[in-house]
Amino acid sequence: MQLREIIKILECKILNSFSNLDLEIAHGSGCDQMSDVLAYVKSDALLLTGLTNTQVIRTADIADVKAVCFVRGKTIDSKIIQLSEEMKIPLLSTKLPMFEACGRLYKAGLKGCEENGIG
Amino acid sequence: MTIEEIVKQLGLKSLTKYDGNATVSGVFASDLLSDVMANSEEENFWITLQKHPNTIAVATLKDLAGIILVNNRKPDEETLEKAKEEGVAIFSTTMFTFEICGKLYDLLREL
Amino acid sequence: MLAMAQKEELTKQQELIYEMRIGLVMTKNPVSVAPEMQMSKLREILQTKRISGMPVLENGFLVGMVSLEDFIECLTSDAMNDSVAKHMSTDVITLFENDFLVTAVREFERTGFGRFPVLNRETGELVGILTKGDILRGVAKKLEVEFHRAEKKRYKNKMHILDHVQADETRFTFQYHIVGNDFNRAGEAAGNLKKNLKRLGLPPEIIRRVAIASYEAEMNLVIYTSGGYMTVRISPEMITVNVFDNGPGIPDVNQAMQEGYSTAENRIRDLGFGAGMGLPNIKKCSDEMLLRSKIGKGTNLRFSVKLYGKNDDN
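These lines cover the structure that appears in this document, whether it is placed above or below.

1. With respect to the overall build of chain B
1) Next: Looking only at helices and strands, chain B features 5 helices and 5 strands.
2) Next: Put simply, chain B runs from its N terminus to its C terminus through helices and strands in the order α-β-β-α-β-α-β-α-β-α.
3) Next: Looking at the 111 residues of chain B, the share that counts as buried comes to 58%.
4) Next: Look at the contacts in chain B between residues 6 or more apart in sequence, and 44% of them connect residues 24 or more apart.
5) Next: Here chain B has roughly 4,800 Å² of accessible surface; of this, 45% comes from carbon and sulfur atoms.

Right under this line is the structure:
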């Protein structure tokens, strides 16, 4: 699924200067605990999270997460945006809560991060 | 929608007693206690990977319908005990948050 | 082709000054003098050591800098019996050893000075001296590694880039200082390590495992200790990471290794950590792991990732 489609489905705002909307995303993950992201996320995934601190970006960088989307329209500190620019990670924000954001993407065909990649 | 319908449809494993006829008003997915405290609503099903005793306190305070532990998490002994004391229903699934939200989203929309 | 290669080199050089720390390239244990020494004694040092300036130390701490110019001034004004303290400049600009080279480059440009004393940020002690020459030598040395890498890549045998490690092992020991309780900067060390491993051309899956394990280790230090440091040694066979802190120590190491076991407070959990997955994660990512801890003394975590894994066709 292309990033542009995700942006459309979740009615996202793009928070940084990332502009390659053709970026291909193969998996989705919804998680607020960074160790679980590190342990299970696939390297071509979009991370949906309600956590809003710089560690989200650091984790994304370390685990090769392709893009980050903050849920529930939370205010994002400029420090976070700045770090995402440095790390070249696309940063999105949706007003939807985690449940609905995951739900919509799953329905649109985005896969989760389970080992076999199904369902 | 009732708890029983959801448990059946998603194949959730119940770890405590629960009232199958109790209604579920919606779903709240979060691993941040402060988030759940601030934003969850009464009779919400709470999807999380947090399994420590504090989750029970939050579920009780917010009158949640139950907790679904994702990624095959097993609750701490103390958590389970507290859940029984407070009458909080706990379920577990091998699915991750993303998948179970996806399936539940579908399920709730069909109705 | 050539123009492109040159351009790449230049960018790399620019990148390096953002990644390399002053401590890595500075001259350690520089010649220094005491403030009460007579100016006349400087002559011999300036001549034999062939330097044009040096730090003035009192009890190990920097109190000033004295230069060839100061010496010449004394010579012309017949003040050779004066103490160094009287003629040294006390308004000294210093650098810290864990600062990136880019800071030093900016200071050289801004001030036009020839050298800067380098201090340890925590103790304030003088640990070295930095000249422009030191920076150029340090960057050149690192680029040589890059050059080898580029050349080897042509032979499509990535793993052999590490052939020369044995020849100069120190080149491949990275050390990172980790500041305790600084949540915002947490993860910097692991991030920088990842960048360096990428630049060495190691397989992405190996890099990812080392990066994840190091990041978890770094977070543990930031959350639970007052800080420490991490050393990373890269040999042709494996990457070995050692993490040290000064306490408080882990009461029951076996318990701490269990998935989901955590002593974290809610505050930490709401920061996205402390769900008891950190140490199990490190174990999952590494081929070997050893955790040793003494209450009140500190903890040493060592883990390694083999470069020739099961999934590697080399």
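Next comes the rest of the write-up.
2. Section: the sheet that holds strand S4 (residues 67-70) of chain A
Residues and elements named next belong to chain A.
1) Next: Taken in spatial order, the 5 strands of this open sheet run S1-S5-S4-S3-S2, and their pairing is mixed. The outermost strands of the open sheet, each flanked by one partner alone, are strand S1 (13-14) and strand S2 (27-30).
2) Next: In terms of strand pairing, S1 meets strand S5 (residues 91-93) through 2 bridges, oriented antiparallel. Across the sheet, the residue bridging to Lys-13 is Ser-93, located in S5.
3) Next: Together, strand S3 (45-49), S4 and S5 form the strand contacts of helix H3 (residues 54-62), whose direction differs from that of S4 by roughly 155°.

3. Side note on the interface of chain C and chain A
1) Next: Each partner contributes to the interface: chain C provides 26 residues, whereas chain A provides 22 residues.
2) Next: Interface area, chain C with chain A, both sides summed: about 1,900 Å², of which 45% is carbon and sulfur.
3) Next: Contact with chain A buries area across many residues of chain C, yet Asn-184, Arg-208 and Tyr-215 of chain C alone supply 30% of it, more than any other trio.
4) Next: Applying the counting rule to chain C against chain A returns 3 salt bridges.
5) Next: The partner of Arg-208 of chain C in a salt bridge is Asp-64 of chain A, with the nearest N and O atoms 3.7 Å apart.
6) Next: There are 17 residue pairs in polar contact (both at pLDDT 80 or more) connecting chain C and chain A.
7) Next: For the side of chain C that touches chain A, the secondary structure elements donating two or more residues are helix H8 (188-199), helix H9 (204-224) and helix H12 (278-285) of chain C.

4. As for the interface of chain C and chain B
1) Next: Each side of the interface is counted separately: chain C has 7 residues, and chain B has 9 residues.
2) Next: Between chain C and chain B, roughly 660 Å² of surface is buried when both sides are summed, and carbon and sulfur atoms account for 44% of that area.
3) Next: Of all residues in chain C, Asn-266, Arg-269 and Asp-270 of chain C give up the largest surface area on contact with chain B, accounting jointly for 67% of the area buried on that side.
4) Next: At the junction of chain C and chain B, the tally comes to 0 salt bridges.
5) Next: At the boundary of chain C and chain B, one finds 4 residue pairs in polar contact (both at pLDDT 80 or more).

5. Thoughts on the environment of Asn-220 of chain C
Residue and element names in this part refer to chain C.
1) Next: As for its position among the elements, Asn-220 is in helix H9.
2) Next: Sequence separation between Asn-220 and Gly-180 is 40 residues, and the spatial gap between their C-alpha atoms is 9.2 Å.
3) Next: Leave out the neighbours within four places in its chain, and Asn-220 touches Thr-225 and Leu-279.

6. Considerations on the state of the cysteines
1) Next: Counted under the stated rule, the structure contains 0 disulfides over all chains.
2) Next: Cys-102 of chain A supplies the cysteine sulfur nearest to Cys-101 of chain B, a cysteine that is in no disulfide, at a spacing of 4.4 Å.

7. A short note on the nonpolar core
For soluble globular proteins, the rule of thumb is that nonpolar side chains tend to be buried together.
1) Next: Counting residues in hydrophobic clusters, the biggest one holds 111 residues, and the most contacted among them are Leu-10, Leu-48 and Leu-105 of chain A, Leu-104 of chain B together with Ile-239 of chain C.
2) Next: Here Leu-105 of chain A is in contact with Met-1, Ile-6, Ile-9, Leu-10, Leu-46, Leu-48 and Leu-110 of chain A together with Phe-98 of chain B, once residues within four sequence places are set aside.
3) Next: Within the second largest apolar cluster, 17 residues are counted, among which are Ile-17, Val-25, Phe-108 and Val-139 of chain C.

8. Focus: the side chain of Asn-16 of chain A
Residue and element names in this part refer to chain A.
1) Next: By secondary structure assignment, the location of Asn-16 is in the loop between S1 and S2.
2) Next: For Asn-16, a relative accessible area of 11% gives the class buried.
3) Next: Polar side-chain contacts of Asn-16 include one of 2.8 Å to the backbone oxygen of Ile-89.
4) Next: If we ignore the near neighbours within four places in the chain, the residues touching Asn-16 are Ile-81, Ser-84, Glu-85, Ile-89, Pro-90 and Leu-91.

9. Examining the pairing of strand S5 (residues 115-119) of chain C
Residues and elements named next belong to chain C.
1) Next: Across the 5 residues that make up S5, a large majority, 4, are buried.
2) Next: Here 2 bridges tie strand S4 (residues 95-96) to S5, and the two strands are oriented parallel to one another. Within S5, the residue paired with Leu-95 across the bridge is Val-118.
3) Next: As consecutive antiparallel partners, S5 and strand S6 (residues 126-131) are separated by 6 residues, and within that stretch Gly-124 has a phi angle of approximately 80°, a positive value.

Calculation rules
Residues numbered from 1 in each chain as written. Chains lettered and ligands numbered in written order. Predicted model: local features only at pLDDT ≥ 70, side-chain atom pairs only at ≥ 80, totals over all residues. Heavy atoms only, no water. Helix = DSSP H or I, 4+ residues; strand = E, 2+ residues; numbered from the N terminus. Buried < 20%, exposed > 50% of the residue type's maximum accessible area, 1.4 Å probe, protein only. Contact = heavy atoms within 4.5 Å. Areas by Shrake-Rupley, 256 points an atom, 1.4 Å probe, with all protein chains shown as cover. Pairing = 2+ DSSP bridges. Axes fitted to C-alpha atoms, helices over the stretch in contact; angles between N-to-C directions. Buried area = accessible area lost by both parts, 1.4 Å probe. Salt bridge = Lys/Arg side-chain N within 4 Å of Asp/Glu carboxyl O. Polar contact = N/O pair within 3.5 Å; in protein donor to acceptor, adjacent residues only side chain to side chain. Disulfide = S-S within 2.5 Å. Core = buried A, V, L, I, M, F, W, Y, C linked by side-chain atoms within 4.5 Å.

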